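A closer look at the structure
As a plain string of letters, each chain reads:
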Amino acid sequence: MSKLEEPFIGSDAIAAGVASKSNLRSRQFVRVFPNVYAPATLERTLELRSRAAYLYAREAGVLAGYSAACILGAECAPFEAEAEIAIPSGSLRSRPGLVVHCGAMQPDEIVWRQNMRITNPLRTAYDLARRCSRVEGVAAIDALARIGSFEPTDIMIIAARYPGARGSRRIPNCIALADPAAESAMESRLRVALVSRGIPRPVSQYSVSTPSGRFVARLDLAFPAARVGVEYEGRQHTSDSQLTRDVRRHNALSRIGWIVLRFTSADVLHRPDWVAAQVAAALAMAAAKAA
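Residues numbered from 1 in each chain as written. Predicted model: local features only at pLDDT ≥ 70, side-chain atom pairs only at ≥ 80, totals over all residues. Heavy atoms only, no water.

1. Examining the sheet that holds strand β3 (residues 36-39)
Strand pairing in a sheet relies on backbone hydrogen bonds. The paired strands run either parallel or antiparallel. Taken in spatial order, the 3 strands make up an open sheet running β1-β3-β2, and their pairing is antiparallel. Looking along the sheet, the strands with just one partner apiece sit at the ends: β1 (8-9) and β2 (29-33). Taken strand by strand, helix α3 (residues 46-56) contacts β1, β2 and β3, and its axis lies near 65° from that of β2. (Pairing = 2+ DSSP bridges. Helix = DSSP H or I, 4+ residues; strand = E, 2+ residues; numbered from the N terminus. Contact = heavy atoms within 4.5 Å. Axes fitted to C-alpha atoms, helices over the stretch in contact; angles between N-to-C directions.)

Put into structure tokens, the structure is as follows:
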């Protein structure tokens, strides 16, 4: 332990002579959990908190839930997500910033990543689908199925191992709404917001071409028969160059008769009824033109 550039156990650092009690109390470090510290220069991300949680459990647990999803590279955690760890018995308790789960887990549901034991994509999807709201459960399944290369229905293989587990009844509904073709959690949340409010299920990542076959654009969500597209407007669309490309793309879609609606994260998270109403109105207008 020659450098303290990531989360570390305070007592181990002191014993190794690379830190002192006064160092740990200084502004140089922040305490993430009891006896677990991190350099103050590091951003307090879910990954950092998850690494700290693994150390706090003294490697007796398995990173699970949103922590496992984060380490696996499935970006589906809400901004405020806490670190999660699963342990076989009640030797560790939840605390601010950390959720501790107790329960059974099979060896084939665990993988090693970055020198930590974490639940594999399928087990992680199972856990999040039964613990989260329907919207967040679907977003988690989409992201994990995409990076884990499994079918959403495969989650029932894990569910069958734990009959009667808390939240299991939520899983089939989440699976029915899942679509691994979604390329972001916000896209998944947008799709579920629409379908939950009576909008027909859209096609994810739909490629639009001209009548001659020339590719025009790929839409987050689409209703091909109506020529209505729906997109999530993320931060990646804020640069001048991207804005220019977006305008040209929008005009190209308009020229071949497509209506494209764009929504922000604030719209999707805080005004889903309004979002659904806008899409419903666009579909109705398309139907009226076709009549």
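2. Some words on the nonpolar core
Residues Ile118, Ile141, Leu144 and Ile155 are the most contacted members of the largest nonpolar core, which totals 53 residues. The dominant element in this core, judged by the number of residues it contributes, is helix α6 (residues 134-148), at 7 residues. Counting residues in each nonpolar core, the second largest holds 18 residues, with Leu221, Leu261, Val268 and Ala286 among its members. (Core = buried A, V, L, I, M, F, W, Y, C linked by side-chain atoms within 4.5 Å. Buried < 20%, exposed > 50% of the residue type's maximum accessible area, 1.4 Å probe, protein only.)

3. Observations concerning unusual backbone geometry
Not every positive phi belongs to a glycine, and glutamine 114 is a case in point at roughly 50°. Along the chain, glutamine 114 turns up in the loop between β7 (110-113) and β8 (116-119). At glutamine 205, a position not held by glycine, the phi torsion is positive, near 50°. Take glutamine 205: it is sitting in strand β9 (residues 203-209).

Purely spatial values, then, with no claim about function.
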